Amino acid sequence: MTNYTSTLDKSQLAIIDIQEKLCSIMPLSDMQAMIKNCAILVQAANLLTIPITVTEQYPQGLGVTVADITQHLGKDKPIAKTAFSAYREPSFKAKLQRDKSHIILAGLETHICVLQTALDLMMQGKKVFVVEDAVISRSAANKANAIARMASAGCIITSTESVVFEWLGHAQHEAFKPIAKLIK
């Protein structure tokens, strides 16, 4: 994400499967940090009018997206899916904007749905940014393996603060102060 203006203009955010029952089986402190970082990404994307797509893996069984995320979504409803890769869900594919080539990925589980979504998006020619402090797996080893696989496949591994400040580009941006408050 080096050309800030074009990065902002080319970005879209995908939040993968941050659902009640899935979250309840994750390590608690890691889960809380991941949800906080995803909420920052969603709020920053809203302030910068970056499109956001949220998915839910089999919501009838795994529950809905946690309130800490949905409270910032506005009228957009999460997309239900059964495929592990969000890209294989026609509603997700339809929401992707052709002129938005940079996909920022966050959510869970890193080694299943995030990984498969990232790899499918890469195969479609998208530039995929995986936000390492905004993804989680039940085990640290599975997360580390997935991060390494995605990096070797060409995904850019980044952090929440790197993404939001690269979206801003400079401190004179009108959204700088409200976004800086999110980080504190």
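Our structure's up above, just so we're on the same page.
Not measured: the values here are computed from a predicted model.

Cut-offs and rules
Residues numbered from 1 in each chain as written. Predicted model: local features only at pLDDT ≥ 70, side-chain atom pairs only at ≥ 80, totals over all residues. Heavy atoms only, no water. Helix = DSSP H or I, 4+ residues; strand = E, 2+ residues; numbered from the N terminus. Rg over C-alpha atoms; globule rule 2.2 N^0.38 Å. Buried < 20%, exposed > 50% of the residue type's maximum accessible area, 1.4 Å probe, protein only. Contact = heavy atoms within 4.5 Å. Areas by Shrake-Rupley, 256 points an atom, 1.4 Å probe, with all protein chains shown as cover. Lys, Arg positive; Asp, Glu negative; His and termini not counted. Charge placed at Lys NZ, Arg CZ, Asp CG, Glu CD. Pairing = 2+ DSSP bridges. Axes fitted to C-alpha atoms, helices over the stretch in contact; angles between N-to-C directions. Core = buried A, V, L, I, M, F, W, Y, C linked by side-chain atoms within 4.5 Å. Parallel < 35°, antiparallel > 145°, perpendicular 65-115°, else oblique.

J.: For this particular structure, what's the right way to read the overall build of the protein?
T.: Secondary structure assignment for the protein yields ten helices and six strands. Relative to the 2.2 N^0.38 estimate, which gives 16 Å for 184 residues, the radius of gyration of the protein is 15 Å and therefore close to what a compact globule would have. Viewed in the frame of its principal axes, the protein has a C-alpha envelope of about 45 × 35 × 35 Å. Within the protein, the proportion of its 184 residues that are buried is 50%. For the protein, the proportion of contacts with a sequence separation of at least 24, taken over those separated by at least 6, is 80%. Total accessible area on the protein is roughly 8,700 Å²; 52% of this is exposed by carbon and sulfur atoms. Of the charged side chains in the protein, 19 are positive and 16 negative; the average position of the first set lies 3 Å away from that of the second.

J.: Where do I start with the environment of leucine 182 in this structure?
T.: Checked against the element boundaries, leucine 182 lands in helix 10 (residues 176-183). Non-local contacts of leucine 182, meaning those with residues more than four positions away in its chain, are made with Ile40, Gln43, Ala44 and Leu47.

J.: Explain the sheet that holds strand 3 (residues 79-81) here, please?
T.: Strand pairs in the sheet, formed through backbone hydrogen bonds, run parallel or antiparallel to each other. The parallel open sheet is built from six strands, whose spatial order is 3-2-1-4-5-6. Each edge of the open sheet carries a strand with a single partner, namely strand 3 and strand 6 (156-158). The average undirected angle you get between the axes of adjacent strands in this sheet is 25°. Looking at chain direction, strand 1 (residues 11-16) and strand 2 (residues 52-57) are connected through four bridges and run parallel.

J.: Looking at this structure, I do not really get the nonpolar core. What am I missing?
T.: Core analysis: the biggest nonpolar cluster contains 39 residues, and Ile18, Met31, Leu41, Leu108 and Trp167 have the highest contact counts within it. Contributing elements (two or more residues each) for this core: strand 1, helix 2 (20-23), helix 3 (28-47), strand 2, strand 4 (102-108), strand 5 (127-136), helix 9 (160-168) and helix 10. Per-element accounting of this core gives the leading share, ten residues, to helix 3. Counting 21 residues, the second largest nonpolar core, distinct from the first, contains Ala86, Tyr87, Leu121 and Val135.

J.: Just checking my understanding: could you explain the side chain of threonine 160 for this structure?
T.: The topology assignment puts threonine 160 in helix 9. Once residues within four sequence positions are removed from consideration, threonine 160 is found in contact with Asn37, Ile40, Leu41, Val131, Asp133 and Ala134.

J.: Would you take a moment to explain the packing of helix 7 (residues 110-123) against helix 8 (residues 140-153) for this structure?
T.: Two numbers describe a pair of packed helices, the interaxial angle and the distance between the axes. For the pair helix 7 and helix 8, the least separation of the axes is 9 Å and the interaxial angle reads 5°. Looking at the two axes, helix 7 sits roughly parallel to helix 8. For the pair helix 7 and helix 8, the contacting residues are Thr110, His111, Val114, Leu115, Ala118, Leu119 and Met122 in the first and Asn142, Lys143, Ala146, Ile147, Arg149, Met150 and Ala153 in the second.

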